[in-house]
Amino acid sequence: MKTMKALDFEDVRQGQALPSLTKHVTVEQIRQYAEASGDRNPIHLDETFARSAGLPGVIAHGMLTMAFANQAVTDWLGDRSLLKRLQGRFAGMVVPGDDVTCSGTVASKDDATRRVVINLVVTNQRGEKVFNKGVAEAEFPPQRSTTHAA
Amino acid sequence: MTDARWVGRSYETPPYQVTEQSIRDYMEAVGDVRDDGELLAPPTYAMVYGFDAFWQLWTDQEVALDVAHLVHGEQRFSFQRPVRPGDRIRTTGRLTAINTRGDMELVTFDLNAIDEQDRPVSDGIALFIIRKP
């Protein structure tokens, strides 16, 4: 585990790119996610069932991809409690063996509310979007006073 | 085609007891293990404490969604406060719309999670897509 310092609101710039985050998805990770989340839908676990449902094979949970997008934002923020909103569309299937990359850009920054809006997209190794129309919103704590009472 | 008369039906999860182990299992599963000092669940952990609402909808024999052809299409979450070990969270899911787009059925499901003092923890909207077999 590594510890990170929380980002300063003052250091955020509109148009700024977040560090990208790439994840290699495996059958084992999908199983582990099914256990941790309780979502044991057989389309994620049973190859035969997945094929009978018209899928190419088992697929990753959409919420696993969203968890990656979540992490791309909170790794940058350095504090999970700052994230207030997260949304997006599961635009494509993620299957075992895929390498998915989360990319984010600061869309806006409001000095009055200390809120920052980030646009997010997750693509696979072929450049296909698997999560799009992604939006995250963070709220930073009130600015600490820089002056000291006499 | 799912019968539109089920719009409005709601499901409440039993209280979900958040434990350190459950948060760590989730962090390991998604590969998000950074230590922030205090152990706070990653925000998308909302799908762990709220999952039973999805499950109740998917297994409701009267509504009878075609779950074999169901995929999660979109998801929105708002987080009112971070989640910690010791929290007991109840989530209410409500079927709020059933629409068709081409040969797909779109099912909208609202999520509302509260703590033991009935204070808001998170809200969500899930969109499920059911493909025609």
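Quick note: structure is the one above.
From a predicted model like this one, the values you see are computed outputs, not experimental measurements.

How each quantity is defined
- Residues numbered from 1 in each chain as written.
- Chains lettered and ligands numbered in written order.
- Predicted model: local features only at pLDDT ≥ 70, side-chain atom pairs only at ≥ 80, totals over all residues.
- Helix = DSSP H or I, 4+ residues; strand = E, 2+ residues; numbered from the N terminus.
- Buried ≥ 20, exposed ≤ 12 C-beta atoms within 10 Å, placed from the backbone.
- Contact = placed C-beta atoms within 7 Å.
- Arc of directions from axis to C-beta.
- Core = buried A, V, L, I, M, F, W, Y, C linked by C-beta atoms within 7 Å.
- Nonpolar A, V, L, I, M, F, W, Y, C, P; charged D, E, K, R; others polar.
- Pairing = 2+ DSSP bridges.
- Expected span 1.5 Å × (residues − 1).

### Examining the overall build of chain A
For step 1, the next point in the chain: For chain A, the count of helices and strands is three helices and five strands.
For step 2, the next point in the chain: Across its three principal directions, the C-alpha atoms of chain A cover 75 × 25 × 20 Å.
For step 3, the next point in the chain: Counting the 150 residues in chain A, one finds 38% classified as buried.
For step 4, the next point in the chain: Residue pairs in contact within chain A that sit at least 24 positions apart in sequence constitute 64% of those at least 6 positions apart.

### Observations regarding the overall build of chain B
For step 1, the next point in the chain: When you go through chain B residue by residue, the secondary structure sums to three helices and six strands.
For step 2, the next point in the chain: Listed by position from the N terminus, the elements making up chain B come as β-β-α-α-α-β-β-β-β.
For step 3, the next point in the chain: If one aligns the C-alpha atoms of chain B with their principal axes, the spans along those axes are about 50 × 30 × 20 Å.
For step 4, the next point in the chain: The buried share of chain B, taken over its 133 residues, is 35%.
For step 5, the next point in the chain: Within chain B, contacts between residues separated by at least 24 positions form 69% of all contacts whose residues are at least 6 apart in sequence.

### A look at helix 1 (residues 20-30) of chain B
For step 1, the next point in the chain: All buried positions along helix 1 of chain B are accounted for by Ile23(B), Tyr26(B), Met27(B), Ala29(B) and Val30(B). Looking straight down helix 1 of chain B, one finds that the buried residues subtend no more than 165° of arc, so they occupy a single side. Turned more than 90 degrees away from the buried face of helix 1 of chain B, the exposed residues are Glu20(B) and Gln21(B).
For step 2, the next point in the chain: Buried residues in helix 1 of chain B make contact with helix 1 (27-37) and helix 3 (62-77) of chain A together with helix 2 (46-49) of chain B.

### So, the environment of Ala60(A)
Residues and elements named next belong to chain A.
For step 1, the next point in the chain: Turning to its location among the elements, Ala60 is positioned in the loop between helix 2 (47-52) and helix 3.
For step 2, the next point in the chain: For the pair Ala60 and Leu77, spaced 17 residues apart in sequence, the C-alpha separation works out to 26 Å.
For step 3, the next point in the chain: Once residues lying within four places of it in the same chain are set aside, the contact partners of Ala60 are Val25, Ile30, His44, Thr65, Val94 and Val95.

### Here we look at the nonpolar core
For step 1, the next point in the chain: Phe68(A), Ala69(A), Val73(A), Leu83(A), Tyr26(B), Tyr45(B) and Tyr49(B) are the most contacted members of the largest nonpolar core, which totals 67 residues.
For step 2, the next point in the chain: In terms of residue count, the dominant contributor to this core is helix 3 of chain A (10 residues).
For step 3, the next point in the chain: Other than its neighbours up to four places away in sequence, Tyr45(B) contacts Ile23(B), Tyr26(B) and Val83(B).

### Here's the deal with the environment of Phe131(A)
Residues and elements named next belong to chain A.
For step 1, the next point in the chain: Tracing the backbone through its elements, the reader meets Phe131 in strand 5 (residues 129-139).
For step 2, the next point in the chain: Under the C-beta neighbour-count criterion, Phe131 is labelled buried, with 25 such atoms within 10 Å.
For step 3, the next point in the chain: Distance from Phe131 to Val95, taken between C-alpha atoms, is 13 Å for residues 36 residues apart in sequence.
For step 4, the next point in the chain: Discounting residues that sit within four places of it in the chain, Phe131 has contacts with Thr65, Met66, Ala69, Gly88, Arg89, Phe90, Ala91, Val121 and Val122.

### Considering the interface of chain A and chain B
For step 1, the next point in the chain: The interface is formed by 33 residues belonging to chain A together with 30 residues belonging to chain B.
For step 2, the next point in the chain: Elements with a contribution of two residues or more to the side of chain A that touches chain B: helix 1, helix 3 and strand 2 (83-89) of chain A.
For step 3, the next point in the chain: Looking at which element gives the most residues to the side of chain A that touches chain B, the answer is helix 3 of chain A, with nine residues.
For step 4, the next point in the chain: Here the residues of the side of chain A that touches chain B are counted per class, giving 12 nonpolar, 12 polar and nine charged.
For step 5, the next point in the chain: As paired elements, strand 2 of chain A and strand 3 (residues 70-79) of chain B share five bridges and run antiparallel to each other. Its bridge partner lying in strand 3 of chain B, Leu86(A) is registered against Phe77(B).

### Describing the pairing of strand 4 (residues 88-101) of chain B
Residues and elements named next belong to chain B.
For step 1, the next point in the chain: Where strand 1 (residues 10-12) lies against strand 4, three bridges are found, and the strand directions are antiparallel. Within strand 4, the position partnered with Glu12 by the bridge is Thr92.
For step 2, the next point in the chain: Strand direction decides the pairing type here: strand 2 (residues 16-17) and strand 4, joined by two bridges, are antiparallel. In the strand pairing of strand 4, Tyr16 is matched with Ile89.
For step 3, the next point in the chain: Here 11 bridges tie strand 4 to strand 5 (residues 104-114), and the two strands are oriented antiparallel to one another.

### A closer look at helix 3 of chain A
Residues and elements named next belong to chain A.
For step 1, the next point in the chain: With 16 residues, helix 3 should cover 22 Å at 1.5 Å per step; its first-to-last C-alpha distance of 23 Å lies within 8% of that length.
For step 2, the next point in the chain: Here helix 3 lies mainly inside the structure; 15 of its 16 residues are buried.
For step 3, the next point in the chain: Of the residues one or two after helix 3, Gly78 is the one with positive phi, at around 75°.

Remember, this is a structural readout, not a statement about activity or role.
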